[in-house]
Amino acid sequence: MSADERLAALESGEVEPTLPQLKRMAKQYRRSLVTFFLSDPPEKADRGEDFRTKPGDLAQEEAALLDALLRDVKTRQNLIKSALEDDEDVSELQFVKSLSINDGVPAFVDKIHETIKLDLSQYRAEPNIKKAFALLREHVQESGIFVLLLSNLGTHHTNISLGTYRGIALFDPIAPFIVINDLDSPYAWSFTLLHEMCHILMGKSGVSGELERIEIGNEKSRSANVERFCNVVASEVLLPSDDLDKLKMTGGEDIPTLAKFIGDFAENRYVSRSMVAYRMLLSDRITTDTWAKLASLFRSQWKSQQERKKERERESNSGPNWYTVRRYKVGSSLLSTVSEMMNLGGLTTVKAARVLGVKAHHVEQMLAAGSSSMSKEGG
């Protein structure tokens, strides 16, 4: 019997798998071993509201990876929430599910300013974009939201493309989580973080897609309208309308000239070029066709830049410490909370490992000097 025939026989139930085979299957399909002993297949992972415009276009493998990531993050959230609920000093976050889309963009912008208390001038005064994002992330985390940077299931072999997801919001009054796909440009992380915070303010969990697909696709669905609303709010926080007026362009310039001016303007404010072009679209300074061309150009340039960066890293064979990377991905808030809950007996080492996304024997070193290392984010 060939390998293909044996797989078909296993899937049809004609052949019973051995225990070693089940263990390999559990690892391959990213399911617990007990799943294969259930009388019925487990229900598909609940993604909350799917805010992406064309989720049906996803390849089966990409969709499976996204479901596995959601299961993983929800497990982390449930573990940390359970530990926090046992702490009598922890109360529900009042800003969670405090607004609806009917309240309008200004109300959301004001609520974000009130909640995270970040002066935009401080953000722009940072020495580089990663430092600027780190500052924004710190303020958001201080409000009670856990912010993770995750693009795979622990190895680059399971990377989840930006076309599959850009951000995830998991609303909860005790432990809201935001996940950002860090395969994206660091200039886009801040926008995605604020976009997903809008979903938290609405009390909606879900998966968000790329900015470009919503506008270029001209979607009319409710989800697309919600995404547009969150995009406007996030862009207004990072680039207020009166600041945009300083971009002295008519929109009649050719694409290379537009791209150069937008790039310089965006660089000085630590925002993505696509977001600046998006605001120009909203203010009727450029057409949808020009927006589409600019978005495509910026995405192409970003991908080329990433390829060159990977090549340099391969040649130099250098990179940050493994623990440094893992700490950065989970964030200082989750690190400090896990450390505190372990000290109080609210989390075992095994559960702490699950929350941090590492093996149990890595927990101690993950937490060692974790807080101090996070202060150096983006260096």
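As the structure is a prediction and not an experimental result, all values here were calculated from the model.

Rules behind the numbers
- Residues numbered from 1 in each chain as written.
- Predicted model: local features only at pLDDT ≥ 70, side-chain atom pairs only at ≥ 80, totals over all residues.
- Heavy atoms only, no water.
- Salt bridge = Lys/Arg side-chain N within 4 Å of Asp/Glu carboxyl O.
- Helix = DSSP H or I, 4+ residues; strand = E, 2+ residues; numbered from the N terminus.
- Phe/Tyr/Trp six-rings, centres within 6.5 Å; stacked < 30°, edge-to-face > 60°.
- Buried < 20%, exposed > 50% of the residue type's maximum accessible area, 1.4 Å probe, protein only.
- Core = buried A, V, L, I, M, F, W, Y, C linked by side-chain atoms within 4.5 Å.
- Contact = heavy atoms within 4.5 Å.
- pLDDT = per-residue confidence, 0-100.
- Pairing = 2+ DSSP bridges.
- Expected span 1.5 Å × (residues − 1).
- Polar contact = N/O pair within 3.5 Å; in protein donor to acceptor, adjacent residues only side chain to side chain.
- Axes fitted to C-alpha atoms, helices over the stretch in contact; angles between N-to-C directions.
- Parallel < 35°, antiparallel > 145°, perpendicular 65-115°, else oblique.
- Left-handed = near helix turned anticlockwise from the far one by under 90°.
- Nonpolar A, V, L, I, M, F, W, Y, C, P; charged D, E, K, R; others polar.

1. Things to note about the pattern of salt bridges
Oppositely charged side chains can pair when the atoms bearing their charge come close. Evaluated as defined, the whole model comprises 14 salt bridges. Here Asp-72 and Arg-354 are joined by a salt bridge, their closest N and O atoms 2.6 Å apart. Of the two residues, Asp-72 is situated in helix α3 (residues 60-85) and Arg-354 in helix α16 (residues 349-356); the sequence distance between them amounts to 282 residues. Each of the salt bridges in this network shares a partner with another, and the network as a whole consists of Arg-124, Asp-243, Lys-246 and Arg-269.

2. As for the packing of aromatic side chains
As enumerated under the stated definition, the model contains seven aromatic pairs in all. Aromatic pair Phe-133 and Trp-189: ring centres 5.3 Å apart, planes at 70°, arrangement edge-to-face. Placement of Phe-133 in helix α6 (residues 129-142) and of Trp-189 in helix α7 (residues 186-202) is noted, with a sequence separation of 56 residues between them. For Phe-133, a relative accessible area of 0% translates into the label buried. Given the relative accessible area of 4%, Trp-189 is considered buried. Their ring planes at 55° and their centres at 5.8 Å tell us that Tyr-278 and Trp-291 sit as a pair that is tilted. Highlighted residues: Tyr-278 in helix α12 (residues 273-282) and Trp-291 in helix α13 (residues 288-316), separated in sequence by 13 residues. An identical accessibility class is assigned to Tyr-278 and Trp-291; each is buried. In textbook terms, an aromatic cluster arises when at least three aromatic residues are bridged by ring pairs, as seen for Phe-133, Trp-189 and Tyr-328.

3. A few points about the side chain of Ser-272
One can find Ser-272 in the loop between α11 (255-267) and α12. Assessed through its relative accessible area of 10%, Ser-272 is described here as buried.

4. Remarks on the nonpolar core
Membership of the largest hydrophobic core comes to 62 residues, with the highest contact counts inside it found for Ile-112 and Tyr-123. The element that contributes the greatest number of residues to this core is α7, accounting for nine residues. Other than its neighbours up to four places away in sequence, Ile-112 contacts Lys-117, Leu-194, Met-197, Cys-198, Leu-201, Val-233 and Val-237. If you look at the next biggest cluster of nonpolar residues, it comprises 35 residues, including Phe-146, Val-179, Tyr-323 and Met-341.

5. Structural notes on the confidence of the model for the protein
Per-residue confidence for the protein averages 85 on the pLDDT scale, and 83% of its residues sit at or above 70. In this model, residues 371-376 is a region of pLDDT below 50 whose contacts with residues beyond four sequence positions or in other chains number 10 contacts.

6. With respect to the pairing of strand β3 (residues 167-170)
Where burial is concerned, the two faces of β3 agree: the one with Gly-167 and Ala-169 and the one with Ile-168 and Leu-170 are both buried. Summarising the sheet, β3 and strand β4 (residues 177-180) pair through four bridges and their orientation is antiparallel. Bridged to Leu-170 within β4 is Phe-177. Hairpin connection from β3 to β4: six residues lie between these consecutive antiparallel strands. Bridge count between β3 and strand β5 (residues 206-208): three bridges; the pairing is antiparallel. Following the sheet pairing, Ala-169 is matched in β5 by Gly-206.

7. Thoughts on unusual backbone geometry
For Lys-117, which is not glycine, the phi torsion reads 50° and is therefore positive. Locating Lys-117 in the fold gives a position in the loop between α4 (105-116) and α5 (120-125). Residue classification places Lys-117 among the exposed residues on the basis of a relative accessible area of 62%. Its identity is not glycine, yet Tyr-270 carries a phi of approximately 55°, on the positive side. Its place among the elements puts Tyr-270 in the loop between α11 and α12.

8. Describing the pairing of strand β2 (residues 146-149)
Residues Phe-146 and Leu-148 line one face of β2 and the alternating positions Val-147 and Leu-149 line the opposite face, and both faces are buried. Relative to β4, β2 runs parallel, the two being bridged by four bridges. Paired with Leu-149 across the two strands is Ile-180, which belongs to β4.

9. Remarks on the side chain of Lys-111
As for its placement among the helices and strands, Lys-111 is situated in helix α4. If we ignore the near neighbours within four places in the chain, the residues touching Lys-111 are Phe-95, Ser-98, Leu-99 and Leu-201.

10. A look at α11
For α11, built from 13 residues, the straight-helix expectation of 18 Å at 1.5 Å per residue is met to within 8% by its first-to-last C-alpha distance of 18 Å. Close packing links the buried residues of α11 with α10 (241-244), α12 and α13. Where α11 begins, the capping side chain belongs to Asp-254, and its oxygen is found 2.9 Å from the backbone nitrogen of Thr-257.

11. Things to note about the environment of Asp-86
Of note, Asp-86 is situated in the loop between α3 and α4. Judged by its relative accessible area of 64%, Asp-86 falls in the exposed class. Each C-alpha atom of the pair Asp-86 and Met-341 lies 9.6 Å from the other, and the pair is 255 residues apart in sequence.

12. Thoughts on the packing of α11 against α13
Taken N-terminus to C-terminus, the directions of α11 and α13 make an angle of 65°; their axes are 11 Å apart at the nearest point. In terms of orientation, α11 and α13 fall into the roughly perpendicular class. Crossing of α11 against α13: the hand is right-handed. Between α11, through Ile-255, Leu-258, Ala-259 and Ile-262, and α13, the contact on the second element is made entirely by Thr-290, Lys-293, Leu-294, Leu-297 and Phe-298. Counted by class, the contact of α11 with α13 contains seven nonpolar, one polar and one charged residues.

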